[in-house]
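# Geometric and topological summary
Listed here are the chains, written in short residue letters.
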Amino acid sequence: MDERESLAAIYEWLPDAGDDAAVVGDLIFTVDMLHQQTDFPEGTTRYTAGWRAVGASLSDVAAMGAEATAAVAAYAAPEFDGDELHAFVRGARDVCELVDGRYVGGDLDTHDEFTVASAVVGRTEAPVYRSTAAVGDAVCVTGTLGRTGAAIRAFERGAHDRGNDLFRFEPRVAAGRALAPHASAMMDSSDGLARSLHQLAEASDCGFAVAWDRVPLDDAVFEEATTDADERECGLYTGEDFELVFTVPRDRLEAARTASPVPVTVVGEVTEEAVTIDGEPVPDRGYTHGD
């Protein structure tokens, strides 16, 4: 079984699973695991790793329209270096403080590969799910896409400072809370825009028609990508940008844009079936753990 088949099986066994985070009463729970080989390119600092690992879980809370309460992380490495450990904690603490949450600790263990498991608890009385998009709604994204793809290219060419800077994203907790009263469905873009659209389509039993020239690419994409195809790869498939992908009724669109603390871009609309860009089918492809 690959990752998606495994997740589908878990969703069948656990009815509370299946969205970006689990909802238990007014509490939101989520957990993520990141590895040296698949998530932290050579040159990634421990400060960036702490920020990014905990930020990934904060993004799940944001996608449910919840406030972030507290985060923990389990840190595993072949050996413990005091400076690296301190940098990791500072990164985790700083990203939490950025979204008015708290980093409250975790666990340590030895492992043959640097690995982080992070968990966040949040709170909301009105979570936003993936399964409630409606035909005719606008489909939107916050911020810009492709930042992580650009970061990976920067790391690959040895521009480690540039890569680390691009890797430290702002979890959209404030935007998620502001958009929650208006959005009909929402998730984060951790698996890439293309796969996110497919996941939303499956959950809501709908389709999406998106226009490529509406997709808001980050400026770094144009600086790091070498071809038009490379730009498309960054914007659609690389993933790990941790923006919000959401649907909103047309009569709530202006209110959503006004409420959001970050730019909101309409990239298309909800349709009855199929996921397309400029009328062409979009492959269900994106970030997968273990790739």
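Computed from a predicted model, the values in this text were never measured in an experiment. Counting starts from 1 at the beginning of each chain's written sequence and moves along it residue by residue. This being a predicted model, a pLDDT of at least 70 is required before a residue's local features are given, and a value of 80 or more before pairs of side-chain atoms are given or counted; all residues contribute to the totals for chains, interfaces and linings. The basis for every side-chain value is the complete set of heavy atoms in the structure, and neither hydrogens nor water enter the calculation.

Our focus in this paragraph is the domain arrangement of the chain. The domain limits used here are those given by an automatic or database domain assignment. Considered domain by domain, the chain is made up of domain 1 (3-123) and domain 2 (138-281). Between the C-alpha centres of domain 1 and domain 2 there is a distance of 21 Å. Residue contacts follow a heavy-atom distance rule, with two residues in contact if any of their heavy atoms lie within 4.5 Å. If you look at the interface, domain 1 gives 26 residues, while domain 2 gives 23 residues. Throughout, buried area stands for the accessible area (probe radius 1.4 Å) lost by two parts on being put together, summed over both. When domain 1 packs against domain 2, the two sides together hide about 2200 Å² of surface, and 58% of this comes from carbon and sulfur. Salt bridge, as used here: a side-chain nitrogen of Lys or Arg that lies within 4 Å of a carboxyl oxygen of Asp or Glu. Linking domain 1 to domain 2 there are 1 salt bridge. Pairs of N or O atoms are called polar contacts if they sit within 3.5 Å, as long as, within protein, a hydrogen donor faces a hydrogen acceptor (for residues adjacent in sequence, only side-chain-to-side-chain pairs). Our enumeration of links across domain 1 and domain 2 arrives at 11 residue pairs in polar contact (both at pLDDT 80 or more). Taken together, the elements giving at least two residues each to the side of domain 1 that touches domain 2 come down to α3 (46-63), β3 (67-77) and α4 (82-98). Residue classes in the side of domain 1 that touches domain 2 are distributed as 12 nonpolar, 7 polar and 7 charged. Secondary structure follows DSSP: runs of H or I at least 4 residues long count as helices, runs of E at least 2 residues long count as strands, and numbering of each begins at the N terminus. Polarity classes work like this: nonpolar for Ala, Val, Leu, Ile, Met, Phe, Trp, Tyr, Cys and Pro, charged for Asp, Glu, Lys and Arg, and polar for all others, with Gly in that last group.

Along the chain, S190 falls in the loop between β7 (185-188) and α8 (193-204). A distance of 2.9 Å separates a polar atom in the side chain of S190 from a polar atom in the side chain of D188. Ignoring anything within four residues of it in the chain, the contact list for S190 reads G239, E240, F242 and Y287.

So, on to the pattern of salt bridges. Summed over the entire model, instances satisfying the criterion amount to 14 salt bridges. With its nearest N and O atoms 4.0 Å apart, the salt bridge here joins R93 to D94. The exposure class assigned to D94 is partly exposed, which follows from its relative accessible area of 24%. Each of the salt bridges in this network shares a partner with another, and the network as a whole consists of R157, R162, E223 and E224. Buried residues are those whose accessible area, probed at 1.4 Å on protein chains only, stays under 20% of the maximum for their type, while exposed residues exceed 50% and partly exposed ones sit between those limits.

Glancing now at unusual backbone geometry. Positioned with a positive phi, D100 is a non-glycine residue whose angle comes to about 65°. On the secondary structure map, D100 appears in the loop between α4 and β4 (102-110).

Quick look at the pairing of β3 now. Sheet topology places β3 next to strand β5 (residues 115-123); 9 bridges connect them, and they run antiparallel. Bridging from a neighbouring strand, A73 pairs with S118 of β5. Pairing between β3 and β4: 7 bridges, direction parallel. Each bridged residue has a counterpart across the sheet, and for A77 the counterpart in β4 is T110. Classification remark: right-handed applies to a crossover when, strands pointing away from the viewer, the course from the first strand over the helix to the second runs clockwise. Considered for its hand, the β-α-β crossover made up of β3, α4 and β4 is right-handed. At least two DSSP bridges between two strands are needed for those strands to be called paired.

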